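Listed here are the chains, written in short residue letters.
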Amino acid sequence: MTGSSARFELEGVAISPDHYVDGARLASATTFEDRSPLEWTRVLGHMARGDAGIANAALTSAARAFPSWAALSCTARGEYLHRLAELIDERSDQIARVECLDMAMREESLRLRVIPRGARNFRAYADLAVEYEERSWSSNNTDNRVVRMPCGPAVIITPWNAPFMLSTWKCAPALAAGNTVVLKPAEWSPLSASILADLIDEAGFPPGVFNIVQGIGEEIGAALVSDPRVRRVSFTGSPETGRLIGMAAARNLTPFTAELGGKSPLIVFADADIDAAAKKAAGQYDDAGQVCLAGTRLLVEVSVRDEFLEKFLTYTNEHVLGDSRDDNTTISPVIHVDHLAQIDGFVQRARRSGDNVMIGGKIWREDGLWYEPTLIEPVSNNSEIVQKEVFGPVLTLQTFDSEAQAIELANSTPYGLAGMIYTTSAKRADRVGRAVRAGTVWVNCFLIRDLSAPFGGTGISGIGREGGDYALDFHSDLKTLQVLQSSVI
Ligand code: NAD
C-alpha cells in the first residue's frame, strides 16, 4: 500500500489507476491490465490490484466516517448527492467517451442516455430520502412510530456492463439512507469508477463516506464481502458470483441483495402489432446483447410466426456492426476475448446438439471482438441455449399455440428478471403480465423505467428489490419506537 501513482490520459481525462480511500488516492504494489474491446491489442491502463489490505483500509475508513454521515439530516446528505449529480452532468461527455473505450457500449447511447442516468440516480435518491416518511399510528394506548436507522458500511459490487450507471444506481440509495460505501467495480471496465472518485472528491464528500477500490473479484471483492464490519452487501452480476457473495455475507448475517442474470421471454401474440414487435425483437441485439434485461427468448404465436420472422430478419439486416464511437454502429464488439469465446461456445454446442442456427452463429471478423447477430431455433425447450444466459447477441425462436402454452414457456427457465408481451388486448396484457414470473414485465415497450418502482428478479435472477423506497428500506434498519400515551409531555 503506497501513496498514489501517475495518472494516464484518455480522451482528455487524466485517469488515476489507484483506489480512492478515506478521501485520498492509494496505490497497490501490483496492477492488472485494462484493455479496450474496440482494439483488443490496446492496453488502456494498469489499474491498482487491491488485496485484503486495501479492503481493510477502505472498510476502516468507511466505519470511521459512518457515525457523522449517519447523523446528518437527509436534506444535508442530499446536498452532497445533488452536487455530485451536477458534476456528472458537467463531465458526462468525457465519461461517455472513456466508458465507450473501456467496455464498448455505443458512445451515443452512453452520452445521451446512460451516463446522464447516473446523475439522475443521485438526484432521485437525494429527493426520495427526504420524502421517505416514517409511519406512525396509535394502538393499545401507545403511539407507534417506525424509525429508520442507517446501518453502517455498505459494500457495493458491480458488473462490467453499464458500469457507471449501475454503480451510481446502487450507491445512491446507500448514501442517501445514511450508510457509508465501499464500491468495487468490475475489473473488465474499471475506468468510469475512477472518474467517479474524482467527482466525489470535487463534490466535497467527507473522507471515508464514499470509497472506491479496484481489483479482481476473487481477491479484493471476496475480502470485502466477508468482513464482519460490513452491514449491507449489494451486488449486481452473475448468479454464480451471487451465490458466493451471498454465502460470504450470510456468515456474518449481513443483509444481502442481488440483481443477477436473465433469460427473459419476449412474447408475441397474433393480435399484436407484429411490425413493432419484430422491430423491438431485433433491437435485443443492441449493445451486442450484453443487457441483463434483454428478451432473448422470442416466443411467437404459431399463426404469425412467418410474418414475424420475415419482419424480424428485415430489421436484423439493418444492424451495423462496427466501432462503438461511430453513430451508425448498432452492434458493438463484446467486452472481452474470453467472453467472445464463451458466446461462441454456447452457439457451437447448440449446433452440435441439433439446434437450428438460422442466422449468424460465428465471430464476425477474426481481428475483432464482434459476434454476428444469431437466431437459433432449438430442438427442445430443454436445450442449453434456451435455459442458460449467453449474454451476447444470441436469441432463440420458439412458437406457441395458446396463451397457456406461452405462459408455460415463459416461466420454464430458472431465471425471472424481466419479460415483454406484445398484444393489443388490455385483458390479455393484464392476465399474462401477472402470470409471467419476473421482476419487471413490459407490455408493448421495453426499458422504460420509473426510478421509484421496484426493480429486481425472481428465481436465480435475484434476491430483494432496488428502486425507490425498496432500496432505502434495504439500506435501513427499521425500529419500532413505542411510547405509552399520556406518560410523556
Ligand atoms: P460477475 O458475476 O462475473 O462479476 C460481477 C462483479 O463481481 C465483478 O465486480 C467481479 O469482480 C465481482 N466478483 C467476482 N467474484 C467475486 C467474489 N468471489 N467475491 C466478490 N466479488 C466478486 O458478472 P459480470 O460478468 O461482471 O456481469 C455479467 C452478469 O451480470 C450477467 O449475468 C448479467 O445478466 C448480470 N447483470 C445483471 C443486472 C441486473 O440488474 N439484474 C445488470 C447487469 C448485469
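What counts, and where the lines are drawn
Along each chain, the written sequence defines residue order, and numbers are assigned to residues from 1. Reporting in this predicted model follows two pLDDT cut-offs: at least 70 for local features of residues, and 80 or more for side-chain atom pairs to be given and counted; totals over whole chains, interfaces and linings ignore these cut-offs and use all residues. No hydrogens and no water enter the side-chain calculation; it runs on all heavy atoms of the structure. Following DSSP output, two strands are said to pair if at least two bridges run between them. By the criteria applied, helices consist of DSSP H or I runs no shorter than four residues and strands consist of E runs no shorter than two, each listed in order from the N terminus. Think of each axis as a best-fit line through the C-alpha atoms, taken over the contacting stretch in the case of a helix, with angles from 0 to 180 degrees between the N-to-C directions. By the convention used here, residues are in contact when the closest approach between their heavy atoms is within 4.5 Å. By definition, no residue in a patch forms a salt bridge, and every one has over 30% relative accessible area; like charges are joined within 9 Å, nonpolar side chains (Val, Leu, Ile, Met, Phe, Trp, Tyr) within 5 Å. Note on areas: these come from Shrake-Rupley sampling with a 1.4 Å probe, and a residue is covered only by the protein chains present in the view. Within this document, salt bridges are pairs made up of a side-chain nitrogen of Lys or Arg and a carboxyl oxygen of Asp or Glu, the two lying within 4 Å of each other. Counting rule for charge: Lys and Arg are taken as positive, Asp and Glu as negative, and neither His nor the chain ends is counted. A single reference atom marks each charge: NZ on Lys, CZ on Arg, CG on Asp, CD on Glu. An angle below 35 degrees is read as roughly parallel, one above 145 as roughly antiparallel, one from 65 to 115 as roughly perpendicular, and any other as oblique. Definitions for this section: a left-handed crossing has its near helix turned counterclockwise from the far helix by less than a right angle. A right-handed crossing has that turn clockwise. Polar here means any residue other than Ala, Val, Leu, Ile, Met, Phe, Trp, Tyr, Cys and Pro, which are nonpolar, and Asp, Glu, Lys and Arg, which are charged; Gly is therefore polar. Paired rings are identified among Phe, Tyr and Trp, the last through its six-membered ring, by centres lying within 6.5 Å, and are further divided according to the angle between planes into stacked (under 30 degrees), edge-to-face (over 60) and tilted (the rest). With a 1.4 Å probe rolled over the protein chains alone, any residue whose accessible area is under 20% of its type maximum counts as buried; one over 50% counts as exposed, and the rest are partly exposed. Only lysine NZ and arginine CZ atoms are considered, and such an atom sits over a ring when it is within 6 Å of the ring centre and within 35 degrees of the ring normal. Nonpolar cores are built from buried Ala, Val, Leu, Ile, Met, Phe, Trp, Tyr and Cys residues. Side-chain atoms within 4.5 Å join them into one set. For every domain, the bounds stem from an assignment made automatically or drawn from a database. The criterion for a residue being near a molecule or strand is simple. One of its heavy atoms has to lie within 4 Å of it. Pairs of N or O atoms are called polar contacts if they sit within 3.5 Å, as long as, within protein, a hydrogen donor faces a hydrogen acceptor (for residues adjacent in sequence, only side-chain-to-side-chain pairs).

Visitor: I keep staring at the sheet that holds strand β15 (residues 295-301) and nothing clicks. Help me out?
Guide: Neighbouring strands of a sheet are bound in pairs by backbone hydrogen bonds; such pairs are parallel or else antiparallel. If you walk across this open sheet you meet the seven strands as β16-β17-β18-β15-β14-β19-β20, and the pairing is mixed. Of all the strands in the sheet, just β16 (356-359) and β20 (440-443) have a single pairing partner and so form its edges. Averaged over all pairs of adjacent strands, the angle between their axes in this sheet comes to 25°, without regard to strand direction. Sheet topology note: the strand β14 (residues 264-268)/β15 ladder contains five bridges and is parallel. When the sheet's bridge partners are listed, V268 is paired in β15 with V300. Taken strand by strand, helix α13 (residues 426-435) contacts β14, β19 (418-422) and β20, and its axis lies near 160° from that of β19.

Visitor: What's the story with a negative patch on the surface in this structure? I'm lost.
Guide: Among the surface-exposed residues, D127, E131, E133 and D469 lie close enough to one another that they form a single negatively charged patch. By secondary structure assignment, the location of D469 is in helix α14 (residues 468-474).

Visitor: How should I be thinking about the packing of helix α1 (residues 52-71) against helix α6 (residues 217-225) in this particular structure?
Guide: The axes of two packed helices give the description: the angle between them and the distance between them. Here α1 crosses α6 at 40°, and the two axes come no closer than 8 Å. By the angle between their axes, α1 is oblique relative to α6. Read as a crossing pair, α1 and α6 show a hand that is right-handed. Seen from α1, the contacting residues are A52, I54, A55 and L59; seen from α6, they are I220, A223 and L224. When the residues that make up the contact of α1 with α6 are grouped by side-chain class, the tally is seven nonpolar, no polar and no charged.

Visitor: In this structure, what is going on with the pairing of strand β6 (residues 39-48)? I would like to understand it.
Guide: Two faces make up the sheet, and in a regular strand the side chains alternate between them. The pairing of strand β5 (residues 31-36) with β6 spans six bridges and is antiparallel. Note that in β6 the partner of S36 across the bridge is E39. Joining the antiparallel neighbours β5 and β6 is a turn of two residues.

Visitor: Would you take a moment to explain the packing of aromatic side chains for this structure?
Guide: Here a ring pair, both rings aromatic, is described through the centre-centre distance and the interplanar angle of the planes. All chains considered together, the criterion is met by twelve aromatic pairs. Pairing Y285 with F312 gives two aromatic rings, centres 6.0 Å apart and planes at 50°, and the pair type is tilted. With Y285 in the loop between α8 (274-282) and β15 and F312 in helix α9 (residues 305-317), this residue pair connects regions lying 27 residues apart in the sequence. The class of Y285 is buried, set by a relative accessible area of 0%. A relative accessible area of 0% places F312 in the buried class. Just above the ring of F269 sits the side chain of R428; from NZ or CZ to the centre is 4.3 Å.

Visitor: Would you explain the environment of P159 in this entry?
Guide: Take P159: it is sitting in the loop between β9 (153-157) and α4 (163-176). Judged by its relative accessible area of 12%, P159 is buried. Considering only alpha carbons, one finds P159 and D89, 70 residues apart in sequence, at a separation of 23 Å.

Visitor: Just to check I follow, could you spell out the packing of helix α2 (residues 74-103) against helix α5 (residues 191-203) for this structure?
Guide: Relative orientation of the contacting elements α2 and α5 amounts to 155°, with a least axis distance of 9 Å. Considered as vectors, α2 and α5 are oriented roughly antiparallel to each other. By crossing handedness, the relation of α2 to α5 is classed as right-handed. Here Y80, R83, L84, L87, I88, R91, I95, V98, E99 and D102 of α2 come into contact with α5, specifically with L191, S192, I195, L196, L199, I200, E202 and A203. Class assignment of the residues belonging to the contact of α2 with α5 gives a composition of twelve nonpolar, one polar and five charged.

Visitor: What is the right way to read the nonpolar core from this model?
Guide: For soluble globular proteins, the rule of thumb is that nonpolar side chains tend to be buried together. One finds F210, F308 and F312 to be the most contacted residues of the largest nonpolar core, which totals 117 residues. At twelve residues, the largest contribution of residues to this core is made by α2. Two domains share this core, each providing at least three of its residues, namely domain 1 (2-260) and domain 2 (265-443). If we ignore the near neighbours within four places in the chain, the residues touching F210 are Y20, L84, F122, C171, L175, V181, L183, L196 and I200.

Visitor: Help me understand the pairing of β9 in this model?
Guide: Along β9, five of the five residues are buried, which leaves the element largely enclosed by surrounding structure. Two strands pair when backbone bridges link them, and β9 and strand β12 (residues 232-236) are joined in this way by four bridges, in the parallel orientation. Its bridge partner lying in β12, I157 is registered against F235.

Visitor: What is the right way to look at the environment of W160 in this model?
Guide: Structurally, the position occupied by W160 is in the loop between β9 and α4. What makes W160 buried here is its relative accessible area of 13%. If we ignore the near neighbours within four places in the chain, the residues touching W160 are M103, A186, W188, S189, Q290, I335, H339 and F391.

Visitor: What exactly am I supposed to notice about the site of the ligand here?
Guide: In the vicinity of the ligand lie 28 residues, with E187, S238, T241, L260 and E389 positioned nearest. Within the backbone of T158, a nitrogen or oxygen atom sits 2.7 Å from an oxygen atom of the ligand. Here an oxygen atom of the ligand sits 2.6 Å away from a polar atom, N or O, in the side chain of E389. In isolation the ligand has 860 Å² of accessible area, and contact with the protein removes 90% of it. Listed by contribution, the elements that provide at least two residues to the shell around the ligand are α6, β12 and α7 (239-251). Here the shell around the ligand takes four residues from α6, the largest share from any one element. The residue inventory of the shell around the ligand, partitioned by class, reads 14 nonpolar, nine polar and five charged.

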